[in-house]
Amino acid sequence: MYRLALTSVTRITTALAILIVLSTISWSTVASDGPIAIAIHGGAGTISRDQMSTEREAAIRGELKKALEAGHAVLAEGGSSLDAVTAAIRLLEDAPQFNAGRGAVLTEQGKVEMDASIMDGRTLEAGAVASITGLRHPIDAARHVMTDSPHVMLMGKGAETFASQFDLETMDEAWFITDFRREQLRQIQAQIEDAQTQENETAALNRTSSKDSTAWYSTVGAVAIDHDGNLAAATSTGGMSNKRWGRVGDSPIIGAGTYANNQTCAVSATGHGEYFIRHVVAYDICARMAYTARPLAHTADVVVNQVLKAAGGSGGVIAIDRFGRITMPFNTPGMYRAAIYRDGSMEVSIYGDEGRDQKNSTNAH
Ligand code: ASP
């Protein structure tokens, strides 16, 4: 009787062990063969067809497509989501149409000060740089902070000294500055000057920020999932036009402008940074995913089109969940955005009335 019971226990234990081994094998097979997908953005704002020249629109769509395909190629070759978002961001940093790297917006002094961040959803490791100058690819510096330092964020001269160890490419300041950004700064400063004759400076600055949002939001970002099911997010920016006092926005702040966690989702934001910091937007979307188990599209839409909008914060996000589902909601008239979905289909969109996610946009303006 006792021997019989013992034999049954041994059998059950053996069966359980086999089951565990089998499930581990099938899980790793699925995990390394999971769906790949990537989304990128080039900023949100008052982007309207009547203010956009055909050439500029074609150039923007072309650069978005190029960066998207470069990121996707990394994933398709079995590369990591971290490498994919880095590859996409590097190209967007070189594209003068966007507010990152070359083409970054200018400070009140006419200088370029850049911020960038990256996060690994598998380990929750992250790296960021703020207020750096001269580096062609701020995202590379952020990645080195993540992988080669015990820190998460470095800023200014210290960050540049840290980055100088890694043979990263530097450029003269003139290389970063485009005529488009020079003219944008001139117009913003002229508007503020005009306004100052009638009202106080803070009101003038606020007025300008809501009036000329295209000038303020064209940060770049990328989120991706690789074959192993690992999520990553990255963001790079010149911040806001006419910024001063060493202002830093949400883009390099982990949780505000960038967040990734394999358990939930990866997010990169663009918009009026102060609001994204106050509402910890990227983290809030991921946290709500964990707490409520509602779909990503719904969750990101609530944060962007309800929470943020009610607070007066304009902008948008790109986000991808652990199943590779992508959403790109925004509460501005447009957002430069592109995605290659899990089924391999591609979207490159600018305005609120195009693309898969158009229902998520309020198209309010
Ligand atoms: N979020 C960025 C910042 O506030 C601006 C942008 O999205 O273009 O610095």
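The preceding data block contains the structure.
Conventions adopted
- Residues numbered from 1 in each chain as written.
- Predicted model: local features only at pLDDT ≥ 70, side-chain atom pairs only at ≥ 80, totals over all residues.
- Heavy atoms only, no water.
- Helix = DSSP H or I, 4+ residues; strand = E, 2+ residues; numbered from the N terminus.
- Contact = heavy atoms within 4.5 Å.
- Pairing = 2+ DSSP bridges.
- Axes fitted to C-alpha atoms, helices over the stretch in contact; angles between N-to-C directions.
- Near = heavy atom within 4 Å.
- Polar contact = N/O pair within 3.5 Å; in protein donor to acceptor, adjacent residues only side chain to side chain.
- Areas by Shrake-Rupley, 256 points an atom, 1.4 Å probe, with all protein chains shown as cover.
- Buried < 20%, exposed > 50% of the residue type's maximum accessible area, 1.4 Å probe, protein only.
- Salt bridge = Lys/Arg side-chain N within 4 Å of Asp/Glu carboxyl O.
- Patch = residues over 30% accessible without salt bridge, like charges linked within 9 Å, V, L, I, M, F, W, Y side chains within 5 Å.
- Expected span 1.5 Å × (residues − 1).

Caption draft 1: Quick look at the environment of valine 317. Its place among the elements puts valine 317 in strand 9 (residues 315-321). Those residues in contact with valine 317 that sit more than four places away from it in its chain are Val267, Ser268, Ala269, Phe276, Val281, Ile285, Ala300, Val304, Thr327, Met328, Pro329 and Met335.

Caption draft 2: A look at the sheet that holds strand 5 (residues 220-225). The sheet built from 8 strands is open, its strands ordered 4-3-2-6-5-1-11-12 with mixed pairing. In this open sheet, the two strands that pair with only one neighbour each are strand 4 (153-155) and strand 12 (346-351). Recorded for the sheet is a direction-independent mean angle of 5 degrees between the axes of neighbouring strands. Looking at chain direction, strand 1 (residues 37-45) and strand 11 (residues 334-340) are connected through 6 bridges and run antiparallel. Its bridge partner being in strand 11, isoleucine 40 is matched across the sheet by alanine 338. This element, helix 2 (residues 54-76), spans strand 1, strand 5, strand 11 and strand 12 of the sheet and lies at about 145 degrees to strand 12. Together, strand 3 (126-132) and strand 4 form the strand contacts of helix 5 (residues 156-163), whose direction differs from that of strand 3 by roughly 120 degrees.

Caption draft 3: Spotlight on the sheet that holds strand 10 (residues 326-327). Spatial strand order, 7-8-9-10: 4 strands in an open sheet with antiparallel pairing. Every interior strand has two partners, whereas the edge strands, strand 7 (258-260) and strand 10, have only one. Of the pairings in the sheet, the one linking strand 9 to strand 10 comprises 2 bridges and is antiparallel in character. Residue pairing for strand 10: alanine 319 is matched across the bridge by threonine 327. Helix 11 (residues 281-292) rests against strand 7, strand 8 (265-271) and strand 9 of the sheet, and its axis sits at about 150 degrees to strand 8. Across the face of the sheet, helix 12 (residues 296-311) comes into contact with strand 8, strand 9 and strand 10 while running at roughly 160 degrees to strand 9.

Caption draft 4: Layout of the site of the ligand. Neighbouring residues of the ligand: 14 residues in total, closest Thr219, Arg247, Asp250, Thr270 and Gly271. In the environment of the ligand, a nitrogen atom lies 2.6 Å from a nitrogen or oxygen atom belonging to the side chain of aspartate 250. In the model, an oxygen atom of the ligand is placed 2.7 Å from a nitrogen or oxygen of the threonine 270 side chain. Contact with the protein chains removes 100% of the 270 Å² of surface that the ligand exposes when unbound.

Caption draft 5: Here's a closer look at the side chain of aspartate 140. For aspartate 140, the position within the fold is in helix 4 (residues 138-148). Look at aspartate 140 and you get buried, because its relative accessible area is 14%. Within the structure, aspartate 140 has its side chain in polar contact with the side chain of arginine 90 (distance 3.0 Å). Apart from residues no more than four positions distant in its own chain, aspartate 140 is found in contact with Thr86, Arg90 and Leu168.

Caption draft 6: Structural detail: the pattern of salt bridges. Taken as a whole and assessed by the stated rule, the structure comprises 18 salt bridges. One salt bridge in this structure joins glutamate 108 and arginine 244, with 3.7 Å as the shortest N-O distance. A residue pair is termed long-range when its members are at least 10 positions apart, and glutamate 108 in the loop between helix 3 (81-94) and strand 2 (114-120) and arginine 244 in the loop between strand 6 (231-237) and strand 7 qualify at 136 residues. Linked through salt bridges whose partners overlap, the residues forming this network are Glu57, Arg61 and Glu354.

Caption draft 7: Region of the structure containing a nonpolar patch on the surface. Where nonpolar side chains cluster on the molecular surface, the patch consists of Val280, Tyr283 and Tyr291 and spans about 330 Å² of accessible area. Looking at the element boundaries, tyrosine 291 is found in helix 11.

Caption draft 8: Molecular detail of helix 3. An ideal rise of 1.5 Å per residue puts 20 Å on 14 residues; helix 3 measures up with 20 Å between its terminal C-alpha atoms. Looking only at helix 3, the buried set comprises Ser81, Leu82, Ala84, Val85, Thr86, Ala88, Ile89, Leu92 and Glu93. Looking at the buried residues of helix 3, the elements they touch are strand 1, helix 2, strand 2, helix 4, strand 5 and strand 6.

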